[in-house]
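Each chain, letter by letter, is given below.
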Amino acid sequence: MGKRGSFVARLDRKATPFLFIAPFFAVFAVFGVFPLLYTTWVSLHDWDLLAGNRGGFGFANYVELFGDPRFYNALVNTVGIFLLAAVPEFFLALGFAELLNRKLRGSTWWQTGVLVPNVVSVVAVGVVFTQLYGRDFGVVNEVLGWFGVPPVNWQAGRWSSHLAVASMVMWRWTGYNALIYLAAMQAVPQDLYEAAELDGASRWRTFWSVTVPGIRPAIAFTAVAGTVNGLQLFAEPQLFDAGGGGTGGNDRQFQTLAMYLYEKGFTKFDAGYAAALSWVVFLVCVVFAVVNYRLVRRFVSSP
Amino acid sequence: MTRRRRAGAWVYVVLTGVVGASIFPLYWSFAVSSRDNSAIGEVSPLMLPGGHFFENVRRVFDTVDFWLAIGNSLIVAGTVMVSNVVLSSVAGYAFARLRFPGRNSLFLVVAGSAMVPAQLGVVPLYLLVNDFGWYGRLEAVIVPALVSAFGVFWMRQACEGAVSAELVDAATVDGASVLRTFWHVAVPAIRSHAAVLAMITFLGAWNDYFWPLVVLDPAEAPTVQVVLSQLASGYYTDYALMLTGATLGVLPVIVLFLLLGRYLVRSIASGVRYG
């Protein structure tokens, strides 16, 4: 080891920090920044995934995209499934968090239990739920049958397929969100509850006027992160389409934006179009994330 | 801390229902995978396990190259896990405890890069990886995932919380090299955070689907998730086979989760998103 102040020691102090962060920036530059810039470039050309650049510089892909009914179909499906999943997910997660926030025996076990769906691979979720929603032998139809409801062909209809896919998303994320809310709830200041009690507020009132505003940052976090995640939905609907060629049902009734991106880019090899689509999906994510963030700020006032 | 109400009996009933709903699809998947395929249409779908699990497992291994898939998934998830832990630890340590020009702005770049949705760059990433000659090779899924913004972020938090700045300074004054200081002061302090990161990374890589599907050849170098999607792709209407595959793909994850899940729960409680 060099003495303090020696050349080697000074070099070490100056250079080693950069060596420590260099791998991240190398990977980020090559596999993060470069593809990002390249996406723009590819999207401005008639670009075949295998044959490469076929020229045609301009906005042709974007023009085609905005005139493409299948794009709007995928957009509506994605947003529809997202809302169908996100709204109940939010209220359920809040409720579960409130229950988990009580003095519980074995609280770690309950918390671990609600997180189980989140660590299971989406592919397994897709496979299992697709069987649960099976038309002939599916558990869901069997249970509906007990109440006299005739069997539903879940894949066939727009609403039924959206509901089924949304249920997979909900199953996967509700417990995760509940744990985030729980953590935030445990940090809500005690004196706010005492003040509410002095004011004679009911439990229900206290929950909506103290607890929920008190965890606003957590709600904003799940709103933004959940939006970005939800709008990239791919595996669940793709697997729900068992045997259907990956276009989200015969009439594309549950084809999401990510599935359309996959279809265009990796089965039809239209890389230029897919790149343009990626940018539009990204912008849709940003718009929705901002809108959701605003909604949270507006409707969940600070305590 | 909020004043917490004691949970009444009904809370336990509701939570039992919630955890039951969380586990039911997995239980059911196992139940079907332990049945004879021909029995599936006959019995009520809400059923008890049968005695055919190992027979179905053998059929899965006969139908698709599941060993290869497991091997590939282990190589991918293992490499990505080790590399993320090492590279994120050194980078996180540098951002938290070392002084160098541009530290703050460089860290902003790290944080900002975490916000970009993965699908945005998927087409050019494919072109790039293809140019490298990596199509159908495990490098294609390993190398881009060697280190992540999330990991660096996570380990920086860990170092700020757990590594004593005084000890680092004292070691520097004593003339210890930066690497030596990292090894003897930081590493012992951040072990448990590194373990959580290891688990999160392993789960993420094991469960990854979109990118391996794009860039790996299912016939040559499948991962477990890619093989599962093939089992479910409609060429087979063999429910027991599909669900046995799903059960096999989930089993290692569930075991890992049961062993270490409470640490993951705790880390989510500190507000991380790892999915």
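These numbers were taken from a predicted model, which means no experiment stands behind them.

Calculation criteria
- Residues numbered from 1 in each chain as written.
- Chains lettered and ligands numbered in written order.
- Predicted model: local features only at pLDDT ≥ 70, side-chain atom pairs only at ≥ 80, totals over all residues.
- Heavy atoms only, no water.
- Helix = DSSP H or I, 4+ residues; strand = E, 2+ residues; numbered from the N terminus.
- Contact = heavy atoms within 4.5 Å.
- UniProt positions renumbered as here; feature names shortened; annotations may be inferred.
- pLDDT = per-residue confidence, 0-100.
- Buried area = accessible area lost by both parts, 1.4 Å probe.
- Polar contact = N/O pair within 3.5 Å; in protein donor to acceptor, adjacent residues only side chain to side chain.
- Nonpolar A, V, L, I, M, F, W, Y, C, P; charged D, E, K, R; others polar.
- Buried < 20%, exposed > 50% of the residue type's maximum accessible area, 1.4 Å probe, protein only.
- Axes fitted to C-alpha atoms, helices over the stretch in contact; angles between N-to-C directions.
- Parallel < 35°, antiparallel > 145°, perpendicular 65-115°, else oblique.
- Left-handed = near helix turned anticlockwise from the far one by under 90°.
- Phe/Tyr/Trp six-rings, centres within 6.5 Å; stacked < 30°, edge-to-face > 60°.
- Lys NZ or Arg CZ within 6 Å of the ring centre and 35° of its normal.

Undergrad: Looking at this model, I keep getting lost on the environment of Met-170 of chain A. Mind explaining?
TA: Mapped onto the elements of the fold, Met-170 of chain A is located in helix H7 (residues 158-185). Sequence-distant contacts of Met-170 of chain A, defined by excluding residues within four places in its chain, comprise Leu-84, Ala-85, Pro-88, Glu-89 and Leu-92 of chain A.

Undergrad: What exactly am I supposed to notice about the UniProt feature "transmembrane region" (unreviewed entry) in chain A here?
TA: All names here are of chain A. UniProt records the feature "transmembrane region" (unreviewed entry) at residues 20-41, 74-97, 109-133 and 271-293, using the numbering of this structure. The span residues 74-97 is 100% helical and 0% strand by assignment, and the distance between its end C-alpha atoms comes to 33 Å. The span residues 271-293 carries 100% helix and 0% strand; its end-to-end C-alpha distance comes to 32 Å.

Undergrad: What am I meant to see in the confidence of the model for chain B here?
TA: Regions with low pLDDT carry predicted coordinates that are not meant to be interpreted in detail. In the predicted model, chain B carries a mean pLDDT of 88, and the fraction of residues at 70 or more is 91%. Note on the complex model: pTM 0.90, ipTM 0.88.

Undergrad: Looking at this model, I keep getting lost on the interface of chain B and chain A. Mind explaining?
TA: Many analyses report the size of an interface as the accessible area lost when the parts associate. Of the residues lining the interface, 103 residues belong to chain B; the matching set on chain A comes to 98 residues. A combined buried area of about 9100 Å² lies between chain B and chain A, and 75% of that area is made up of carbon and sulfur atoms. Put simply, chain B and chain A have eight residue pairs in polar contact (both at pLDDT 80 or more) between them. Of the residues assigned to the side of chain B that touches chain A, the class counts are 74 nonpolar, 21 polar and eight charged.

Undergrad: What should I look at first to understand unusual backbone geometry in this one?
TA: For residues that are not glycine, phi is negative in most cases, and the peptide bond is trans in most cases. Residue and element names in this part refer to chain A. The phi dihedral of Arg-252 falls on the positive side, at around 55°, and the residue is not glycine. Here Arg-252 lies in the loop between helix H11 (235-240) and helix H12 (257-267). Arg-252 sits in the buried class, given a relative accessible area of 12%. The backbone of Phe-269 shows a phi angle near 60°, a positive value even though the residue is not glycine. Topologically, Phe-269 is positioned in the loop between H12 and helix H13 (271-299). Looking at Phe-269, the relative accessible area reads 30%, which means it is partly exposed.

Undergrad: Please explain the packing of helix H1 (residues 7-43) of chain A against helix H5 (residues 122-131) of chain B as it appears in this structure.
TA: Relative placement of two packed helices is described by the angle separating their axes and the distance separating the axes. H5 of chain B packs onto H1 of chain A with a crossing angle of 115° between their chain directions and a minimal axis gap of 7 Å. Between H1 of chain A and H5 of chain B, the interaxial angle falls into the category roughly perpendicular. Note on packing geometry: the crossing formed by H1 of chain A with H5 of chain B is right-handed. Mapping the contact onto sequence places Val-30, Phe-31, Phe-34, Pro-35, Tyr-38, Thr-39 and Val-42 of chain A in H1 of chain A and Pro-124, Leu-125, Leu-127, Leu-128 and Val-129 of chain B in H5 of chain B. When grouped by side-chain class, the residues that make up the contact of H1 of chain A with H5 of chain B number 11 nonpolar, one polar and no charged.

Undergrad: Whenever I open this one, the UniProt feature "transmembrane region" (unreviewed entry) in chain B confuses me. Can you help?
TA: All names here are of chain B. UniProt's feature table lists "transmembrane region" (unreviewed entry) at residues 7-28, 66-94, 106-128, 134-154, 185-206 and 239-260, given in the numbering used throughout. From the first C-alpha to the last, residues 7-28 spans 30 Å; its make-up is 91% helix and 0% strand. Secondary structure across residues 106-128 divides into 65% helix and 0% strand, with the first and last C-alpha atoms of the span separated by 25 Å.

Undergrad: Got a minute to help me understand the side chain of Thr-227 of chain A in this structure?
TA: With respect to the element layout, Thr-227 of chain A can be found in helix H10 (residues 216-230). Setting aside anything within four residues of it in sequence, one finds Thr-227 of chain A in contact with Phe-82, Thr-222, Cys-285, Phe-288, Ala-289 and Asn-292 of chain A.

Undergrad: Sorry, what's going on with the packing of aromatic side chains here?
TA: The description of an aromatic ring pair rests on the distance of the ring centres and on the angle between the ring planes. Applying the stated criterion across every chain, the model contains 45 aromatic pairs over all chains. Ring centres of Tyr-262 of chain A and Phe-210 of chain B lie 6.1 Å apart, and the angle between their planes is 70°; on these two criteria the pair is classed as edge-to-face. Pair noted here: Tyr-262 of chain A is in helix H12 and Phe-210 of chain B is in helix H11 (residues 210-215), and the two residues belong to different chains. According to the relative accessible area criterion, Tyr-262 of chain A is buried, its value standing at 15%. Taken together through their ring pairs, the aromatic side chains of Phe-234, Tyr-262 and Phe-266 of chain A together with Tyr-126, Tyr-135, Tyr-209 and Phe-210 of chain B make up a single cluster. Directly above the aromatic system of Tyr-273 of chain A lies the positively charged group of Lys-264 of chain A, at a separation of 4.7 Å from the ring centroid. In this structure, Arg-156 of chain B is placed above the aromatic ring of Phe-107 of chain B, and the distance from its NZ or CZ to the ring centre is 4.0 Å.

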